[in-house]
2 protein chains.
Amino acid sequence: MPIPCTPDLRWRLIESALENAAPDLLIRGGKTWNAYTGEVEIADIAICGDRIAKVGTWSAALDAATSVIDATGMIAVPGYIEPHTHLSPFCSPLSFAERAVCHGVSCVVFDQLMLALPLGPEVLERVTTALSQASLPLFFWLARTASQSRFRDEEAWFGPEIVRRQLESPSYLGTVEMTRWTELLDKRTAMRFLEVFEQCRSSGKLNDGHFAGARTQKLAALATTGIRSCHEAITTEEALDRLRLGLWVLLRHSSLRPDLPVLLDVIGKTRFHDRLVFTTDGATELRIDERGVSDGLISLALERGVAPDIAYRMATLNPATYLGLDDDLGAVAPGRIANVNLLDNLNNPTPRVVICRGRVAARDRQLTVPAPSASFPWSAVYRTDLLCVPAWDAARFFLPADAPNPFPAGRLVNGAITRVAPTALTASDKGLWPSEPDTLVLAVTDRSGAFISRGIIQGMGAGIDVIATSYTTNAGILVLGRTPEIMAEALKRLRRLGGGSVAASTDGKWVEFAFSMSGIHSTCDFSTGVEAARRFSDLLREAGYAHSDPVYTLLFLTADFLPEVRATEAGWYSVKDDRVLFPAESLSAPWRGRPRFCMACMRPWTTFSAVSARYHCA
Amino acid sequence: MPIPCTPDLRWRLIESALENAAPDLLIRGGKTWNAYTGEVEIADIAICGDRIAKVGTWSAALDAATSVIDATGMIAVPGYIEPHTHLSPFCSPLSFAERAVCHGVSCVVFDQLMLALPLGPEVLERVTTALSQASLPLFFWLARTASQSRFRDEEAWFGPEIVRRQLESPSYLGTVEMTRWTELLDKRTAMRFLEVFEQCRSSGKLNDGHFAGARTQKLAALATTGIRSCHEAITTEEALDRLRLGLWVLLRHSSLRPDLPVLLDVIGKTRFHDRLVFTTDGATELRIDERGVSDGLISLALERGVAPDIAYRMATLNPATYLGLDDDLGAVAPGRIANVNLLDNLNNPTPRVVICRGRVAARDRQLTVPAPSASFPWSAVYRTDLLCVPAWDAARFFLPADAPNPFPAGRLVNGAITRVAPTALTASDKGLWPSEPDTLVLAVTDRSGAFISRGIIQGMGAGIDVIATSYTTNAGILVLGRTPEIMAEALKRLRRLGGGSVAASTDGKWVEFAFSMSGIHSTCDFSTGVEAARRFSDLLREAGYAHSDPVYTLLFLTADFLPEVRATEAGWYSVKDDRVLFPAESLSAPWRGRPRFCMACMRPWTTFSAVSARYHCA
């Protein structure tokens, strides 16, 4: 679906293209890389409103009102597009976008899962609309069709009617990765998704995919479902397999999976490169601070010998076409949104000057306009009363007598994957507890404390005393601790913060960060978020955490699509054989899961009602 | 906008892809060209319903119900797509589509102008829907936003509300070429179109363009209007200019303009070829009979040394992406519509076997299924009472005493272009008449005989005595004759036919063809249409017609966008300076222009009403 443009602005573009009227902004004296032909030519760029009127020599007079940028010695490329990303907790979606624009990213597309879960569909609608409208770069959403950590009443968050309503919004481009893709290959679970995907297609929007580990017949079957893409290839051959099947291949590279060096080899194995696209798939604050966003991916591709034409295409016109936005984005060309990066040269994709939606937004990686995140009415838009961190004492964390002994602990083999590692439990009068070193007891609950799901994690870091966080794929609470007492202490601290992340090392050092927006993210500017993330990461690394990214590790301990064991609402869970190894314990709580709200008056409903597209009191 | 697929069919595709269920059709033992990678690999193709379930080795058992095609020694390529074509008069849209499918074209996209004009929007809606539903290959329409021969009340045919209603139909992909592109550069005329184009975009559909002769600043200004493409490049440089501006370039080759040998040079001048697309832009019956459709264009490209990967892409995945149908068309891949051409080898793009929408439709250029055109209820769907060929006597054709003398005749310089050539008129008691050789008096009226617009054409053929036709861009009546008497005779014959084409040479030979569908096209099967077209063409060529195609020459004598003089409702008209050189004469007639109908009861309205989206009696 296109980005709207009024007929009045179109007429201004025509008038400026004919040089009958001066533009609002003229970028003068530079060269331009053409995303359609690969040519580089000297050209001025005339801009009216948020669109490009002309690319070529400007010969006529200018108004006093015309701003002029001297681009002599620079080369213009299209604003970069990040087509698949996720929220990070230490900053806000807006401050992420503000940092991204400093790296030349003028269009970001977000998964809304981490807002949908804590807020519910009613508040979510208000929040996603407000964020899209406030953002500096173009800011779109993809709608979740399932959770990443199954829970009761999941359809009230992700059902067909909820998704249909979300897709009516111009800020939604389609649906986002269905991570539990095995459900698409089982008729009992598949039909609902196939209906949603088709509904999404019929509204002219796209289904973004996620087929991690799918191969041969299964992968081929998944390619028939109406899903357009996959970003889960981690080898050259996996990337090529997906491309052959007609899936757009999003080549991923970030702290989660730094696979680009391998994935780039696909370029030499296909005659066509127009369906290859870069994505970070949710880089964390630290990663962005160190490596940039799309600019970092282009840079890496150039270092690996990828032709500049292909490297820039994969961050510009290719993702624009993938998203169905290529009439409006992806090129420095007449009629397109004026997203233009001015580079010193094509070897350095981090822009000197970023023109975003028709105005200069950044120079030398610094914003030149006020940051919308600083003035956004966070508390008025969000509901921050939707997290109820339970006040559990230490006794609650013991494993009960009926727990398996030895217990099927999850040993981290990398930042995301666990393998079952049985560990002996020692009995005391309060319950069972593990005794091996580098072993943490895990407790997970939802946003109301309505259950406790217990497990054991090994290999997190021998010097870690405790971690508690409200940034998990179930949008609930996760506590990992060496003793019941320290877990109760961390939970108390988390409760005081109103959600966030808390950690302590065995030498008694604590770090604490509030994620003030319902426990999911802070409202910090990006630099402050980077500092917070760094302190959190540093403490854990000093305490022995040795994997790619502790934020992802914690996030995914509740995810029901990653091998091998996880903590879910049902209990300690073996993903591959879909089996609960140790059931969760049900508790009393103010509500189960999350409260829901009337779209009209925003009063909470006391009980869940049937899924409804309207969800009004009336 | 995508082509719908039910969740039930999706599930069948998944089951077949997993080899849990046998397909309806299995193409076995051949190779397949991959439109995404350019690879050629041995693969079976399993098809369920109208979609591809699997491309790869089929290992499981088959049902007795599974049809099997042995493709040993053959190579599968995607069904070709003709993205921009026009109706031809000697056959029907359905019989064109039936011939096209024999050449491997499984998706055709039609301009509906030549149906819109004679039928009016109400009957048009019924006709276009019925034709799309009846067609053998996929059959889409593009909506006209303006005529090619201006007339009063034009907005009742092409206004925003009419177009909006048309675009609601799934058989419409967008709007079609606005040939009078100069109106887009004049605010008085542009705003209506800019609004329509934006409305079309906002419904997820495309604006197809036509910027014949536009260059530099004007072309660049046209690229800002929200139009996606242009098929009017006639030189390499024009093609490259359009590509640079972000327009999809439809490389045209047909009897109208055989430009491919020149246009193909653009391939060597751009790094990227994904926005280059083949089109015939409305090949006539004779041309198709001699040179095929898309297969002929691919063949020519291969002869000129274009790499097969690029040549096939320009008829398959590229046009699918241009049309926004690439999730459903353009590749032999899972989930796509099962449009598959089996070739002897890539050097010969005319298929041995054509699978269209999941069933074998043609072998060796012969249909293998019943032709829908043979059973289509033509007279029930169309209104054939909307043409009133006037009963004018010879006196009506004389030029009156106030005609310019010498008269600014139009001399044909090729099949489409005229240049002003003043010619002396000789007076008699009945009026004025030219006396030079190879000079024909022209008379044009509308479908009711409500005016007569007179002119003179030279260079049509010295041995031509008369031509009369109801196949003109104004959907009215055109008569060209050497004497007033022979013009009256031709008109009488045309009246008897109920519309069609009539011609006679000076040695007294006549040909006559009825276009029984409201004077616009016949209901012939394609081969019969070819024979009729050949006899018509042969008579004119024997009588001295020496240009590309007489059908186009006649069609365009009423077109108000081609240089230099034309006959329109306003009179004998100079296109470039927008000036009437000799006004038309108004006459009394049963209606002016065309009657309109109530969408509900199909009763004609006696008078025009305001443009309305509903146009109901109530």
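This text goes with the structure placed above it.
Draft legend 1. A look at the overall build of chain A. When its secondary structure is counted, chain A shows 18 helices and 35 strands. What you see for chain A is a C-alpha radius of gyration of 25 Å, in line with the 25 Å of a compact globule of 618 residues. Of all 618 residues assigned to chain A, the portion counted as buried reaches 68%. Of the accessible surface of chain A, which amounts to about 19600 Å², a share of 50% is contributed by carbon and sulfur atoms.

Draft legend 2. Inspection of the environment of Val389(A) at higher detail. All names here are of chain A. Relative to the helices and strands, Val 389 is located in the loop between α15 (378-381) and β20 (407-412). Residue classification places Val 389 among the buried residues on the basis of a relative accessible area of 4%. Each C-alpha atom, one on Val 389 and one on Ala 504, is 19 Å from the other, the two residues being 115 residues apart in sequence. When residues no more than four places from it in sequence are discounted, the contact partners of Val 389 are Ile 477, Leu 491, Leu 494, Arg 495 and Gly 499.

Draft legend 3. Seen up close, the pattern of salt bridges. Residue and element names in this part refer to chain B. Per the counting criterion, the structure on display carries 91 salt bridges over all chains. Arg 165 is paired through a salt bridge with Glu 125; the nearest N and O atoms lie 2.5 Å apart. Taken together, the positions of Arg 165 in helix α5 (residues 160-167) and Glu 125 in helix α3 (residues 113-134) put the pair 40 residues apart, joining distant regions of the chain. Under the relative-accessibility criterion, Glu 125 is labelled partly exposed at 25%.

Draft legend 4. Quick look at the relation of the copies chain B and chain A. With an RMSD of 0.0 Å, the fit of chain B onto chain A corresponds to turning through 180° and sliding 0.0 Å along the axis. Expressed as an axis order, the relation between the two copies is that of a two-fold axis. Considering only C-alpha atoms, the residue of chain B closest to the rotation axis is Gly204(B), which sits at 2.9 Å. Interface overlap between copies: 100% of the residues of chain B at the interface are likewise at the interface in chain A, consistent with a symmetric, same-surface contact.

Draft legend 5. View of the interface of chain B and chain A. Each partner contributes residues to the interface: chain B has 73 residues there, and chain A has 73 residues. Taking both sides of the interface into account, the surface hidden between chain B and chain A amounts to around 5800 Å²; carbon and sulfur atoms contribute 55%. Among the ionic pairs, Glu39(B) bridges to Arg244(A), the shortest N-O distance being 2.8 Å. The interface formed by chain B and chain A contains 28 residue pairs in polar contact (both at pLDDT 80 or more).

Draft legend 6. Structural detail: the sheet that holds strand β17 (residues 353-356) of chain B. Residue and element names in this part refer to chain B. Read across the open sheet, the seven strands follow the order β3-β2-β7-β16-β17-β18-β19; overall the sheet is mixed. Of all strands in the sheet, those with a lone pairing partner are β3 (40-42) and β19 (366-367), marking the two edges. Of the strand pairs in this sheet, strand β2 (residues 31-33) and β3 are connected by three bridges, and their pairing is antiparallel. Directly across from Lys 31, in β3, lies its bridge partner Ile 42.

Draft legend 7. The pairing of strand β5 (residues 51-55) of chain A, seen in detail. Residues and elements named next belong to chain A. For β5, the buried fraction is high: four of the five residues fall into the buried class. Across four bridges, strand β4 (residues 45-48) lies against β5 in antiparallel orientation. Bridge pairing links Cys 48 to Arg 51 in β5. From the end of β4 to the start of β5, which pair antiparallel, there are two residues, and Gly 49 there has a positive phi angle of about 55°.

Definitions and cut-offs
Residue positions are given per chain, counted from 1 along the sequence in the order it is written. Written order decides the labels, with chains lettered from A and ligands numbered from 1. Local features in this predicted model are restricted to residues whose pLDDT is 70 or higher, and side-chain atom pairs enter the listing and the counts only when it is 80 or higher, whereas totals over whole chains, interfaces and linings include all residues. In computing side-chain values, all of the structure's heavy atoms are included and hydrogens and water are not. Helix numbering and strand numbering both begin at the N terminus, where a helix is a DSSP run of H or I of at least 4 residues and a strand a DSSP run of E of at least 2. In this setup the radius of gyration rests on C-alpha atoms only. A globule is expected at 2.2 Å times the number of residues raised to 0.38. When accessible area is computed with a 1.4 Å probe and restricted to protein chains, residues below 20% of their type maximum are described as buried, those above 50% as exposed, and intermediate ones as partly exposed. Reported accessibility uses the Shrake-Rupley method at a 1.4 Å probe radius. Residues are deemed covered only where the shown protein chains occlude them. Any two residues whose heavy atoms approach within 4.5 Å at even a single point are treated as in contact. The salt bridge definition used is simple: a Lys or Arg side-chain nitrogen within 4 Å of an Asp or Glu carboxyl oxygen. Superposing the copies works by least squares over the C-alpha atoms of residues that have pLDDT at least 70 in both of them. Two parts placed together each lose some accessible area under a 1.4 Å probe, and adding up what both lose gives the buried area. Under the rule applied, a polar contact is a pair of N or O atoms within 3.5 Å (in protein, one hydrogen donor and one hydrogen acceptor; residues adjacent in sequence only if both atoms are side-chain atoms). Two strands pair if DSSP finds at least two bridges between them.

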